[in-house]
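Structural overview
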Amino acid sequence: MKKHNFSAGPAILPASVFEQAAEAVRDLDGIGLSVLEISHRSAEFKAILSEAQQSVKDLLGIGDEFDVLFLTGGASSQFYMTAMNLLANNETAGYVDTGTWSAKAIKEAERFGAIKKLASSKEDNYTYVPKGFDIPSDLKYLHITSNNTVFGTQFRQLPDTKVPIIADMSSEIFSRPVDMSRYDLIYAGAQKNLGPAGVTLVVVRKGITGKVKREIPTMLNYETHIAKDSAFNTPPTYPIYVCLLTMRWIKAQGGVAAVAANNDKKAKLIYDEIDSNPLFEGTTAVEDRSLMNATFIAKNDAHTAPFLEACAAANISAIKGHRSVGGFRASIYNAMPMESVQILVDVMRDFTAKNG
Ligand SMILES: *Cc1c(COP(=O)(O)O)cnc(C)c1O
């Protein structure tokens, strides 16, 4: 029986995407070949790549002012590629430290230029998103982690600045509309909300690359991949194909706005239960709660293990919280059906009826 998968990543994808992805391994659109065995230079794969790139633009509401790249190396490689390509040694970039991933991004960027940590919520175990901090207007860029997968917080509003923003959107890509005019670059590892592990989406504003003087290895240079339209070397063909299937699914739902409206409802369902159930409590500031990763704990730690057992008995998978937060984390990405969130809520109520 199919489980209710609350995994933070690699994570749930739409059921129809799993079916289409499986079928394409056997035979891609009836061409007599598996998607796994066609050349990345073939007409079939070129069509996949160009539809995938166009779909990204459609879903973000952007045009040719941006390039769309599908790279390898994970979101973690973007921690250094962004700074390596965009920040000169004598320039300063601003970073907001809102969690594990932000801290890693800062560490890597520091190798290439001056990094100003503008704000951090580390001393409160990243339970909130800092606001109202000063953002110097001469920064090269401002880097944020828009959704903090581990701690369950999210920038519900962008910081007030004219400085171009670079955002790690790994765990929220295409979950809500974004105003791309505010960004120079966004990136997302696919395995949270878009596709399988192995590909990273990078959307980069035209004209911002090639300005720093340092030597950049060919594969780490955005200009290489921009010039070759994301096929300088063999791109991760199958992960890109599955991302395309997911993007077709988002379009069929009515686009990002429709998916976002559903995400709001799913998040409200789980957070209302967390707030009203006497045995549980949320771990983050209410106004900064993530619509993608809902973190919560049992008020009495003696309930933690039995609740995890109750979840397992109800076919709920991967609800255990990250070790740095404890408790529970319900990752409710785009593909998570409302019915699965309802089952989790039912298990919480049932647990409280028996143990409250
Ligand atoms: C998972 C995650 C990463 C790391 O992604 P990799 O693809 O494993 O490198 C980075 N940032 C955020 C916000 C994440 O959720």
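Here the structure is a predicted model, which is why all the values come from computation and not from measurement.

Here the protein is described as being made up of domain 1 (15-253) and domain 2 (255-355). Distance from the C-alpha centre of domain 1 to the C-alpha centre of domain 2: 27 Å. Taken together, the contact pairs 28 residues of domain 1 with 26 residues of domain 2. Summed over both partners, the interface of domain 1 with domain 2 buries about 2,100 Å², with 53% contributed by carbon and sulfur atoms. On the domain 1 side of the contact with domain 2, Val 150, Gly 152 and Arg 156 bury the most area, a combined 22% of that side's loss. Counting across the interface, domain 1 meets domain 2 through one salt bridge. A salt bridge links Asp 288 to Lys 131, with the nearest nitrogen and oxygen atoms 2.9 Å apart. The interface formed by domain 1 and domain 2 includes 16 residue pairs in polar contact (both at pLDDT 80 or more). Among the secondary structure elements, those contributing two or more residues to the side of domain 1 that touches domain 2 are β6 (147-148), β7 (153-154) and α6 (237-253). A per-class count over the side of domain 1 that touches domain 2 returns 10 nonpolar, 12 polar and six charged.

Below, the discussion takes up the site of the ligand. Taken together, 13 residues lie near the ligand, and Ser 76, Thr 149, Asp 168, Gln 191 and Lys 192 sit nearest. The separation between an oxygen atom of the ligand and a polar main-chain atom of Ala 75 is 3.1 Å. For the ligand, an oxygen atom lies 3.0 Å from a polar atom in the side chain of Gln 191. In the complex, the protein chains occlude 87% of the 390 Å² of accessible area that the ligand would expose alone. The element contributing the most residues to the shell around the ligand is helix α3 (residues 74-86), with four residues. Here the shell around the ligand is built from residues that sort into three nonpolar, eight polar and two charged.

The rules behind the values
- Residues numbered from 1 in each chain as written.
- Predicted model: local features only at pLDDT ≥ 70, side-chain atom pairs only at ≥ 80, totals over all residues.
- Heavy atoms only, no water.
- Domains from an automatic or database assignment.
- Contact = heavy atoms within 4.5 Å.
- Buried area = accessible area lost by both parts, 1.4 Å probe.
- Salt bridge = Lys/Arg side-chain N within 4 Å of Asp/Glu carboxyl O.
- Polar contact = N/O pair within 3.5 Å; in protein donor to acceptor, adjacent residues only side chain to side chain.
- Helix = DSSP H or I, 4+ residues; strand = E, 2+ residues; numbered from the N terminus.
- Nonpolar A, V, L, I, M, F, W, Y, C, P; charged D, E, K, R; others polar.
- Near = heavy atom within 4 Å.
- Areas by Shrake-Rupley, 256 points an atom, 1.4 Å probe, with all protein chains shown as cover.

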